[in-house]
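Descriptive analysis of the structure
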Amino acid sequence: FSCIFCSQRLISGQHYRYLPNYRILNKIKLLVEKYNQTKIWFIDDTFTINKKRAFSLLDEIIASGYHRKVCFIAQSRGKDIFWELLVKMKEANFISIAYGVETASEKVMSQLNKGETVEDNIEAIKMTHQAGILTDASFIMGLPGETREDRKLSSKLARSLPLDGARFNIAIPYPGTKLYEIAKKENRLNVLEDW
């Protein structure tokens with residue numbers, strides 16, 4: 001996607017590379033059997049971006065029996081969540097999903113270029129909670145065009161949702177991002193020598 005604040009594209013471009021399922025299962029086996037891990041976090045930017053791959057991996061986790069030995073955490077976009085996927089994730093023992101909600105303001109959200117809406121995130125969080133999976137949300141304060149009222153709206157939204165955790169981050173204009181270019185154009189950069 002083309003989120004204005006994301007520095008990940010500077011590293012990977014707009015490509016998404018997957019490990020084959022057998023390699024992921026080998027890594028799970030190593031973590032569980034050698035290192036006695038009981039919780040594994042898939043740190044994919046968006047675990048659910050490719051539905052076919054997600055269902056395939058979830059089926060293999062269940063078939064291998066790892067869903068009885070370890071629990072899992074993942075990150076997703078709200079727009080990519082639907083009931084059948086949540087049911088399969090719950091069956092595979094995914095206990096928590098983190099969402100990048102970012103803001104409660106549709107106006108600010110549209111400026112972020114995420115390709116999803118505040119309502120997409122609200123519905124995903126409610127559905128995830130209904131499926132019996134914990135939810136976590138991250139918000140960003142200090143985004144372009146954001147007002148004090150927008151920040152209050154984000155805080156109010158976080159309190160109104162069935163969240164198990166919420167993080168409030170400060171917008172950081174990483175070099176190479178659109179957010180950096182906006183901050184530079186508006187003369188709002190405070191870059192120190194050791195940036």
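Presented here is a report on the structure given in the accompanying data block. Being a predicted model, the structure only gives us computed values, none of them experimental.

About the cut-offs
- Residues numbered from 1 in each chain as written.
- Predicted model: local features only at pLDDT ≥ 70, side-chain atom pairs only at ≥ 80, totals over all residues.
- Heavy atoms only, no water.
- Phe/Tyr/Trp six-rings, centres within 6.5 Å; stacked < 30°, edge-to-face > 60°.
- Helix = DSSP H or I, 4+ residues; strand = E, 2+ residues; numbered from the N terminus.
- Buried < 20%, exposed > 50% of the residue type's maximum accessible area, 1.4 Å probe, protein only.
- Core = buried A, V, L, I, M, F, W, Y, C linked by side-chain atoms within 4.5 Å.
- Contact = heavy atoms within 4.5 Å.

This part covers the packing of aromatic side chains. For the structure shown, the criterion picks out seven aromatic pairs. Taken together, a centroid distance of 5.7 Å and an interplanar angle of 45 degrees make the contact between Phe42 and Phe72 tilted. Taken as a pair, Phe42 in the loop between β1 (39-41) and α3 (51-64) and Phe72 in strand β2 (residues 71-76) lie far apart in primary sequence, 30 residues in all. Per residue, the accessibility class of Phe42 equals that of Phe72, and both read buried. Connected via pairs of aromatic rings, a cluster forms that spans Phe42, Phe47, Phe72 and Phe94.

This part takes up the nonpolar core. One finds Ile28, Phe42, Phe47, Ile61, Met89 and Phe94 to be the most contacted residues of the largest nonpolar core, which totals 47 residues. Looking at which element gives the most residues to this core, the answer is α3, with five residues. Aside from chain neighbours lying at most four places away, what touches Phe94 is Phe42, Phe47, Leu58, Ile61, Phe72, Ile73, Ala74, Met89 and Ile133.

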